[in-house]
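Structural characterization, general
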Amino acid sequence: MREMTGGTEKVAVNGANVREVIQALESLYPNLTGLLIKNDQLGKGIAVAVDGRIVRRGLYEPLQSDSEIHFIPALGAG
Amino acid sequence: MNDYVIPEKLRVVGTTPIRPDGHDKVTGRAKFGDDFHLPGMLHGKVLRSPHAHARIKSIDTSHAAAFPGVHAVVTAADFPKIASNVIDAGESGQIDMQDVADNCIAREKVFYDGHAVAAVAADNAHIAEEAANLIQVAYELLDPVMDVRSAMADNAPVLHDNFLPGAFLAPTEKALPNASKLELAMGDVSTGFDQADVIIEREFTTETVHQGYIETHIVTAQWGANGMVTIWTTTQGQFAIRDQLALVLELPMSAITVIPLEIGGGFGGKDSIYIDPLAVVLSKQSGRPVKMVMNRAETLRATGPSSGTYIKARLGVKTDGTLVAAEFHGAYEAGAYSGGPVAPGVSTALTRYNIPNVKIEGYDVLVNKPKVKPYRAPGATPSNFAVETMIDELCRELKLDPVEFRLRNALTTGDRLVLGFPCPEIGGVEILKAVQNHAHYQSDIGGPHRGRGLAYGFWFGAGLPSSADLMVNSDGTVQLCSGSPDMSGTRITLAMQAAEALGIEPSDIFPSVGDTASVGYSFQTVASRTTFATGIAVYQAAQDILAQMAERAALIWQIATDNVLIDCGRFLNKANIQQCFTFKELAGKLDGTGGPIAARALASPEGVGFQITAHLVDLAVDTETGKVDILRYTAFQDAGKAVHPDFVEGQIQGGTVQGIGWALNEEYFYDEAGHLKNTSLLDYRMPTILDVPNIEAVILETPNPGHPYGVRGVGEVPIVPPAAAIANALYDAAGIRMNTLPMTPAKILDKLNSATH
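Within each chain, residue numbers correspond to sequence positions counted from 1 in written order. Naming scheme: in the order in which they are written, chains are lettered from A and ligands are numbered from 1. With pLDDT at 70 or above as the cut-off, local features in this predicted model cover only qualifying residues; side-chain atom pairs require 80 or more to be listed or tallied, and sums for whole chains, interfaces and linings still use all residues. Here the side-chain values reflect all heavy atoms present in the structure, with hydrogen atoms and water set aside.

Looking only at helices and strands, chain B features 20 helices and 29 strands. Only C-alpha atoms enter the radius of gyration, while the globule expectation follows 2.2 Å times N to the 0.38, with N the number of residues. For 757 residues, the compact-globule estimate of 2.2 N^0.38 gives 27 Å, and chain B sits close to it at 27 Å. Taking the principal axes of its C-alpha atoms as reference, chain B extends roughly 90 × 75 × 50 Å. Exposure categories follow from relative accessible area, calculated using a 1.4 Å probe and restricted to protein chains: below 20% of the type maximum is buried, above 50% is exposed, and the middle band is partly exposed. Counting over 757 residues, chain B shows a buried share of 62%. In DSSP terms, a helix is any run of H or I states spanning at least four residues, a strand is any run of E spanning at least two, and both are numbered starting from the N terminus.

So this is what it looks like as structure tokens:
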């Protein structure tokens, strides 16, 4: 994602949930939606952390006005 | 999500009651996969590829089908040809079900020695095996590629012509023939290395290893007259088996019932289907139930081991011991189909240290070996081996104490992870201080060619969905049914959490593991998650039970439910505390107040407590033979809250022993043509009781606020540091720096000889 953002590590946008944040990011970084969303869901292999927790509701995860979100690789375990 | 308020005092959690399944297991009454039989049952056997990489030209099953006693013969032609369909397999990452189907029975190509090509069902296993050997397969041999660096070379043989290199977020350009790439970064490594006073760069290799579960894969399938399929199997996840079978066989999930039997070890390797769809289709064709049992050679050749790796890492440090920059490049075998443990492997490589500038590259590499599967903290042991031995080298170069060095750089609560978000509550500093204050660390090692090594390890763990049912009996006992197979004593750890919540004794709770038709969906018993995540489902169901019980007390006393006080298994009228029922007394009144009470909870917890550990080992090395004897081993681990400390200790000891095997002995030996040469446990050398001393487990408890009792997972992280700790002890003992696993006597002797010449 750093390549898409030109090396910017943090971006502040508005959104009531993860989907709205991605939509807001799309206006800044075209094609981001296509990378993060597949078949109207968060893409396979991608997890999202909201305020320090890897959350389960994907695009529908509600956000606070000061929420911090990170898109990360989904991690497996044995 | 809010954190739980963890009670200061717990009545049941933290004690060590006898597990309810223990007696049956030690007396042989418990039903494992091979203990299951059905009337009229046939036995299935698989014909496997003798080649590591070949195109299937033709298959002639006529001789096998005509063999007396044979009832069915199947090849890939008897299975639906399914489309590509990538699913989230949680612990296995993302898997394409088309690959899973192809892995169960090869369609156009075989991709590894042992790949299933056909299967036979017959009156007994001997007939089935003889008939399978009558199947004639014509192959066009192709060059195999057996290690990650060869597979990533420009002229490497390509396994899958249509391979689309996947990567985090997006398919990458096809820069490498068999590999996908993952990148993570934080800060600016160039600036970081500029600030460093000492920089070291090292390369490492590790070999393919197997989980080594003693019970192999065993399944019995029955295709019912109504088209309903029933499976009895040994598995880490009955729902995963059901769902994968449904997708591969194009059946409704509801048409398949998977009944989990006891499991004789899994460690991540029993999360997927292999012989299961073969047994189902053989049963359909023969009209009889079919049992299939993998022998040891089949298990080693054709089930998912853990990745061999190539790692190159670079660390930069200031003279005061502050880590300022790190680069980590890890190439992990995926096996024959993409999707190995590269993400968790590289993500945990440095996570336990607070390093401001980090760049990580991971490669998921196709090779002609079985598709890899998770193995206890998948991917973390090789990456930890690399980084922790480099840390040891830096400590020696800077003449810094290895604990002090790690304390200086330890990740603490709130520090940024390389994944970007802040670290939740973590007790790393407490672990390292416990090492420092322990008698083992302060003792003299004594004797020549003896050495001591330390390694520090980290693992994420996971939450994921779990369900639990509770039902109150009229005598006050409680039935507990979960969808989580019991691999490590989780029947009792779940019962203890129910008992704690309900205010009754664990002996009053009967825990069981349900089949897919009788309990709510649960993800596999993987990722150190059952006591944590299923425990939360149990806790939530218990809160529901208590609320329902309070309503009944209120009904009896003719008061508002809000006026019922629940206090440790008692229900009291707040306005008249002389009015009181014990849990048992109130249970006896359920029939007359509306009938029985039951509750179900489905939880998908997010408050996962990370796992952190440090291992300290003393060893002696025989400089004439290269043999290593482990003299003393202490493992320090944060359990959050140890629900049953004996079982936490068992997990720590078990994982450590597996890590010792990975460190010193275990590896797949392939010849140049890609044939696996060590297909028995005589030749695939796992540690025995003679190889390991008592492993002292030191359990620390930094509560996880994401669980009502503070629980963290404990099962995976113990396998992470043993290889590095042993390598560091070897340097201390003999002055040799090992950069390859396993560290066999031959390799150690070579290093010793090189050091003296």
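Still more ground to cover, so stick around.
Residues and elements named next belong to chain B. Note that glutamine 637 resides in strand S27 (residues 628–638). The class of glutamine 637 is buried, set by a relative accessible area of 1%. Contacts are residue-level and defined by heavy atoms, with any inter-residue pair within 4.5 Å sufficient. Each residue touching glutamine 637, except ones within four places of it in the same chain, is listed here: Ile431, Ile612, Thr613, Ile652, Val698, Ile699, Leu700, Val714, Val717 and Pro718.

Moving on, we come to the pattern of salt bridges. Residues and elements named next belong to chain B. One speaks of a salt bridge when a side-chain nitrogen belonging to Lys or Arg is within 4 Å of a carboxyl oxygen belonging to Asp or Glu. For the structure on display, the rule yields 43 salt bridges over all chains. A salt bridge links lysine 270 to glutamate 215, with the nearest nitrogen and oxygen atoms 3.2 Å apart. One end of the pair, lysine 270, is in the loop between strand S13 (256–260) and helix H8 (276–286); the other, glutamate 215, is in the loop between strand S10 (198–206) and strand S11 (218–223), and 55 residues separate them in sequence. Each member of the pair, lysine 270 as well as glutamate 215, carries the same accessibility label: buried. In this structure, the salt-bridge partner of aspartate 392 is arginine 396, at a minimum N-O distance of 3.3 Å. Here aspartate 392 pairs with arginine 396, and both are found in helix H11 (residues 380–398), just four residues apart, close to one helical turn. For aspartate 392, a relative accessible area of 5% translates into the label buried. Among the charged side chains, a network of salt bridges with common partners joins Arg19, Asp21, Lys25, Glu262, Asp486 and Arg491.

Further remarks concern the interface of chain A and chain B. Interface size is often expressed as the accessible area that is lost when the parts come together. With 26 residues of chain A at the interface, the matching set in chain B holds 45 residues. Buried area: the accessible surface (1.4 Å probe) lost by two parts on joining, summed over both. Summed over both sides, the interface of chain A with chain B buries roughly 2,700 Å², with 60% coming from carbon and sulfur. Between arginine 53 of chain A and aspartate 3 of chain B there is a salt bridge, with its nearest N and O atoms 2.7 Å apart. At the level of elements, helix H2 (32–36), strand S3 (46–50), strand S4 (53–54) and strand S5 (69–73) of chain A are the ones that each hand at least two residues to the side of chain A that touches chain B.

Residue and element names in this part refer to chain B. Working definition of a nonpolar core: buried Ala, Val, Leu, Ile, Met, Phe, Trp, Tyr and Cys residues. They are joined through side-chain atoms within 4.5 Å. Formed by 110 residues in total, the largest nonpolar core has its most connected members in Phe328, Leu350, Ile726, Leu730, Met743 and Ile748. Beyond its immediate chain neighbours, meaning those up to four positions away, phenylalanine 328 contacts Ile311, Lys312, Ala313, Val346, Ala349, Leu350, Lys359, Ile360, Glu361, Ser383, Ala386 and Val387. The next biggest cluster of nonpolar side chains, apart from the first, holds 48 residues, and it includes Ala533, Tyr539, Ile545 and Phe571.

Here the focus is the environment of threonine 234 of chain B. Residue and element names in this part refer to chain B. One can find threonine 234 in the loop between strand S12 (229–233) and helix H7 (238–249). Owing to a relative accessible area of 5%, threonine 234 belongs among the buried residues under this scheme. Distance from threonine 234 to phenylalanine 32, taken between C-alpha atoms, is 6.8 Å for residues 202 residues apart in sequence. The residues touching threonine 234, leaving out its near neighbours within four places in the chain, are Glu215, Thr216, Ile218, Glu262, Ile263, Gly264 and Lys270. Within the structure, threonine 234 has its side chain in polar contact with the side chain of glutamate 215 (distance 2.6 Å). Polar contacts involving the side chain of threonine 234 include one to the main-chain carbonyl oxygen of glutamate 262, which spans 3.4 Å. Polar contact criterion, stated in full: a pair of N or O atoms within 3.5 Å, where within protein one must be able to donate a hydrogen and the other to accept it, and residues adjacent in sequence count only if both atoms are side-chain atoms.

Moving on: the packing of aromatic side chains. Residues and elements named next belong to chain B. Any two rings among Phe, Tyr and Trp, with Trp reduced to its six-membered ring, count as a pair given centres within 6.5 Å; such a pair is stacked if its planes are under 30 degrees apart, edge-to-face if over 60, and tilted if neither. What the rule picks out here adds up to 14 aromatic pairs over all chains. An angle of 5° between the planes, with centres 5.3 Å apart, marks the rings of tyrosine 375 and tryptophan 662 as stacked. Of the two residues, tyrosine 375 sits in the loop between strand S17 (358–366) and H11 while tryptophan 662 sits in helix H18 (residues 645–664), which places them 287 residues apart along the sequence. According to the relative accessible area criterion, tryptophan 662 is buried, its value standing at 1%. Aromatic side chains phenylalanine 458 and phenylalanine 460 sit 4.9 Å apart centroid to centroid with 90° between the ring planes, which places their arrangement in the edge-to-face category. The two residues phenylalanine 458 and phenylalanine 460 agree in class, both being buried.

We now examine the packing of H18 of chain B against helix H19 (residues 722–734) of chain B. Geometrically, a packed helix pair is captured by the angle between its two axes and the distance between the axes. All names here are of chain B. Every axis in this analysis is a line fitted to C-alpha atoms, fitted for helices over the stretch in contact. Angles between the N-to-C directions lie between 0 and 180 degrees. Running from amino to carboxyl end, H18 crosses H19 at an angle of 55°, the nearest separation of the two axes being 8 Å. Taken together, the axis directions place H18 and H19 in an arrangement best described as oblique. Seen along the crossing, H18 lies across H19 with a hand that is right-handed. In contact with Thr656, Gly659, Ile660, Ala663 and Leu664 of H18, H19 contributes Pro722, Ala723 and Ile726. Amino acid classes used here: Ala, Val, Leu, Ile, Met, Phe, Trp, Tyr, Cys and Pro are nonpolar; Asp, Glu, Lys and Arg are charged; the rest, including Gly, are polar. Here the residues of the contact of H18 with H19 are counted per class, giving six nonpolar, two polar and no charged. Every angle not falling under 35 degrees, over 145, or within 65 to 115 is termed oblique; those three ranges are roughly parallel, roughly antiparallel and roughly perpendicular. Take the far helix as your reference; a near helix turned counterclockwise from it by less than a right angle gives a left-handed crossing, and one turned clockwise gives a right-handed crossing.

Turning our attention to the confidence of the model for chain B. Of all residues in chain B, 98% attain a pLDDT of 70 or more, and the chain-wide mean is 95. Taken over the whole predicted complex, pTM reads 0.96, whereas the ipTM for its chain interfaces reads 0.86. Scored from 0 to 100, pLDDT records how confident the predictor is in each individual residue.

The term disulfide refers to a covalent linkage connecting the sulfur atoms of a pair of cysteines. The disulfide criterion is simple: two cysteine sulfur atoms within 2.5 Å. Using the criterion set out here, one finds zero disulfides over all chains in the structure. Left unpaired, cysteine 568 of chain B is separated from the closest cysteine sulfur, that of cysteine 580 of chain B, by 11 Å.

Here we take up the environment of glutamate 672 of chain B. Residue and element names in this part refer to chain B. Mapped onto the elements, glutamate 672 comes out in the loop between H18 and strand S28 (695–700). Classification of glutamate 672 by relative accessible area gives exposed; the value is 82%. When the C-alpha positions of glutamate 672 and alanine 434 are compared, they lie 48 Å apart, and in sequence the two are 238 residues distant.

With that settled, the discussion passes to H8 of chain B. Residue and element names in this part refer to chain B. Within H8, nine of the 11 residues are buried, which leaves the element mostly enclosed by the surrounding structure. Where H8 is concerned, the buried positions are Asp276, Pro277, Leu278, Ala279, Val280, Val281, Leu282, Ser283 and Ser286. Two residues or fewer past H8, glycine 287 is found with a positive phi of approximately 75°.

Examined against the element boundaries, glutamate 606 of chain B turns out to sit in the loop between strand S25 (597–603) and strand S26 (611–621). Of the buried charged residues, glutamate 606 of chain B lacks a salt bridge, with arginine 57 of chain A as the closest side chain of opposite charge at 5.0 Å. Side-chain polar atoms of glutamate 606 of chain B contact the backbone nitrogen of arginine 56 of chain A, separated by 3.0 Å. Under the counting rule used here, the positive set is Lys and Arg, the negative set is Asp and Glu, and His together with the chain ends is not counted.

The next point concerns the sheet that holds strand S16 (residues 323–335) of chain B. All names here are of chain B. A sheet is described by the order of its strands in space; here six strands give the open sequence S9-S17-S16-S15-S10-S29, paired in mixed fashion. Looking at which strands have only one partner, the edges of the open sheet turn out to be strand S9 (179–186) and strand S29 (740–741). Pairs of strands are assigned from DSSP output, requiring at least two bridges between the strands. Taken together, the eight bridges between S9 and S17 define a ladder with antiparallel strand orientation. Looking at S17, one finds that alanine 185 is bridged to lysine 359. The sheet strands contacting H11 are S10, strand S15 (309–317), S16 and S29, and the helix crosses S10 at an angle near 145°.

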